[in-house]
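In case you want the letters, here they are:
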Amino acid sequence: MNRAIDDYLVKLKTALAGADNATIQDALSDAEEHLTTALEQALAQEPGLAAEAALGTIIETYGAPAEVAAAYKEMENMTPTALAIPGLRITRPRGNRFFGVLGDIRTYGSLLYMLLSLATGIFYFTWATTGLSLSAGLIILIIGLPFTAAFLLSARGIALIEGRIIEGVLGERMPRRGTFFRRDLGWWGGFKALVGDRTTWSAILYMILQLPLGILYFTVTITLIALSLSLIAMPILHYVFNFPIVQMEHHAYYLPGWSMPLVVMGGFFLAIVTLHVARGLGRLHARYAKKLLVKEGK
Amino acid sequence: MNPTRAEDRKFQKELNAGTAALVLLSVVSRASEPMYGYQIAKLIDAGSEDVPMMKQGALYPVLRSLEKTGLLESTVEPSVTGPPRRYYRIAEEGRAALDRWTAIWNENKGFVDSVLKGIYHE
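Residues numbered from 1 in each chain as written. Chains lettered and ligands numbered in written order. Predicted model: local features only at pLDDT ≥ 70, side-chain atom pairs only at ≥ 80, totals over all residues.

This next bit is on the overall build of chain A. Scanning chain A from N- to C-terminus turns up eleven helices and two strands. Ordered by position from the N terminus, the helices and strands of chain A form the series α-α-α-α-α-α-α-α-α-α-β-β-α. For chain A, buried positions account for 31% of its 298 residues. Pairs at least 24 apart in sequence give 75% of the contacts found in chain A among residues at least 6 apart. (Helix = DSSP H or I, 4+ residues; strand = E, 2+ residues; numbered from the N terminus. Buried ≥ 20, exposed ≤ 12 C-beta atoms within 10 Å, placed from the backbone. Contact = placed C-beta atoms within 7 Å.)

Next comes the structure, spelled out in structure tokens:
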């Protein structure tokens, strides 16, 4: 790849400072794709052309970094983020913040994510630990380096996919394309860039930590859901199925009849608390995932 | 005509920003195969020699925004020589939107034309 294209991308990145990291990544991918293709075709048409001169014209028609950056920033302001579709916000919570959680679409996304995270956590953890230990074990063999490279690339791919899931269900803006690597580095240089990149390792750390976090999210959510549902269903359990609250040897303990309305109300209260917990965890997790999975802008 | 005065450039830029989505939607809808950004930019440049369209770099965020609202669909395919390319094709919703937008554009054009001809003062 061309030095001038790299220079342009660096300038574009600087001009995009302050924009969302994911937007920066999209803008860099678009620019890299366009400039490389344009240069290729210009050189194909006029083989004798100097690359530098051709790129000058190409960049002129593509737009100065500041102009292009402004276009992306403008579009970012106009485009609603995932799940914030105008039609879905009709049930905007009014006044009452406690019940407002029921009308917030992200609550249910978070709930889904909490339940899903155990499955993805197991997969990520297995993939990361297997990959790391095999890479370490094979490093003395010839296939060690290609294997390590493939594993590190797979971790970045998984980070991108996890980002898409998080944007879809938790609503946090995440990258839509992979990060760009300079292409003039060659095989060995590219490998060094991959190993030296902080996001490669933070993505692997994320995959490992996802197992304990997934277990925690899943357990907390499932316990709270089960508890609130059983409280809500308490009268039916008591009077229809004759199911006691505590059973020890031959003694069965039932709650007194007058407490039933309180228990059911308590169940509904706990259900709403559960939704708050899920949404809160979802927000925290989205912020944490962005720190580990997305390359920081300068 | 290439505007040199600052206020002319501003007017041109605002006009382009307003019509870019319609132009891109139409270009992509007429293509028989999915197109990537550079092809689209080239095609628009070829057809707009007299009219300075917006910078090519400003087309990409519009493409992404159209994709995000479901009017375009895209797939990424690896290319032999460079970074992977994103190919855009029109979605069903996009065709419907294009019809509606074309109607809006024609109404608007008709209105502006008639104002410019001065029929309101007869």
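Before going further, it helps to examine the overall build of chain B. Broken down by element type, chain B carries four helices and three strands. Put simply, 52% of the contacts in chain B that link residues at least 6 apart link residues at least 24 apart.

Let's shift gears to the pairing of strand S3 (residues 85–90) of chain B. All names here are of chain B. In the sheet, strand S1 (residues 35–36) pairs with S3 via two bridges, with the strands oriented antiparallel. Note on S3: the bridge partner recorded for Tyr-36 is Tyr-87. Pairing of strand S2 (residues 72–77) with S3, which is carried by six bridges, proceeds in the antiparallel orientation. The partner of Glu-73 across the bridge, within S3, is Arg-89. (Pairing = 2+ DSSP bridges.)

Across the sheet, which stays open at both edges, the three strands sit in the order S1-S3-S2 (chain B) with antiparallel pairing between neighbours. The open sheet has two edge strands, S1 and S2 of chain B, and neither has a second partner.

Quick look at the interface of chain B and chain A now. Chain B puts 17 residues into the contact, and the matching count from chain A is 22 residues. Looking at the side of chain B that touches chain A, the elements that each hand over two or more residues are helix H2 (37–47), helix H3 (59–68) and S3 of chain B. Here the element with the most residues in the side of chain B that touches chain A is H3 of chain B; it accounts for six residues. Looking at the side of chain B that touches chain A, its residues break down into six nonpolar, six polar and five charged. (Nonpolar A, V, L, I, M, F, W, Y, C, P; charged D, E, K, R; others polar.)

Residues and elements named next belong to chain B. Here helix H1 (residues 6–30) is 25 residues long and its end C-alpha atoms lie 34 Å apart, about the 36 Å a rise of 1.5 Å per residue gives. At Thr-19, H1 shows its largest bend, some 45°. If you check which residues of H1 are buried, you get Ala-20, Leu-24, Leu-25 and Val-28. (Expected span 1.5 Å × (residues − 1). Bend = angle between axes of the 7 residues up to and from the residue.)

Residue and element names in this part refer to chain A. A positive phi angle, near 55°, is found at Asn-242, a position not held by glycine. Summarising the element assignment, Asn-242 is placed in the loop between helix H10 (234–239) and strand S1 (246–248). A count of 9 C-beta atoms within 10 Å places Asn-242 in the exposed class. Unlike most non-glycine residues, Glu-249 shows phi in positive territory, near 50°. Of note, Glu-249 is situated in the loop between S1 and strand S2 (251–253). The exposed category is assigned to Glu-249, around which 5 C-beta atoms lie within 10 Å.

This part takes up the nonpolar core. What tends to happen in soluble globular proteins is that the nonpolar side chains get buried as a cluster. If you look at the biggest cluster of nonpolar residues, it comprises 45 residues, and the most contacted ones within it are Leu-12 and Val-68 of chain A together with Leu-24 and Leu-59 of chain B. Residues within four places of Leu-59 of chain B in sequence aside, it is in contact with Ala-20, Leu-24, Gly-37, Ile-40, Ala-41 and Met-54 of chain B. (Core = buried A, V, L, I, M, F, W, Y, C linked by C-beta atoms within 7 Å.)

This part is about helix H7 (residues 144–170) of chain A. With 27 residues, H7 of chain A should reach 39 Å at 1.5 Å per residue; the first-to-last C-alpha distance of 38 Å fits that figure. Where the residues of H7 of chain A are buried, they touch helix H6 (105–138), helix H8 (186–196), helix H9 (198–232) and helix H11 (260–293) of chain A.

To continue, consider the environment of Glu-92 of chain B. As for its position among the elements, Glu-92 of chain B is in helix H4 (residues 92–117). A tally of 10 C-beta atoms within 10 Å means that Glu-92 of chain B is categorised as exposed.

The next point concerns the confidence of the model for chain A. Residues and elements named next belong to chain A. Looking at chain A as a whole, its pLDDT mean stands at 85, while 90% of the residues score no less than 70. Ranking the elements of chain A by mean pLDDT puts helix H5 (residues 97–100) last with 74 and H9 first with 95. Here residues 82–93 is modelled with pLDDT under 50, and outside its nearest four sequence neighbours on either side it reaches 18 contacts, counting other chains as well. (pLDDT = per-residue confidence, 0-100.)

This part takes up the packing of H7 of chain A against H11 of chain A. All names here are of chain A. Here H7 crosses H11 at 150°, and the two axes come no closer than 11 Å. Judged by the angle between their axes, H7 and H11 are roughly antiparallel. The interaxial crossing formed by H7 with H11 has left-handed handedness. When H7 is examined against H11, the residues Ala-159, Glu-162, Gly-163, Ile-166 and Leu-170 are found in contact with a partner set consisting of Gly-282, His-285, Ala-286, Ala-289 and Leu-293. When its residues are assigned to classes, the contact of H7 with H11 shows six nonpolar, three polar and one charged. (Axes fitted to C-alpha atoms, helices over the stretch in contact; angles between N-to-C directions. Parallel < 35°, antiparallel > 145°, perpendicular 65-115°, else oblique. Left-handed = near helix turned anticlockwise from the far one by under 90°.)

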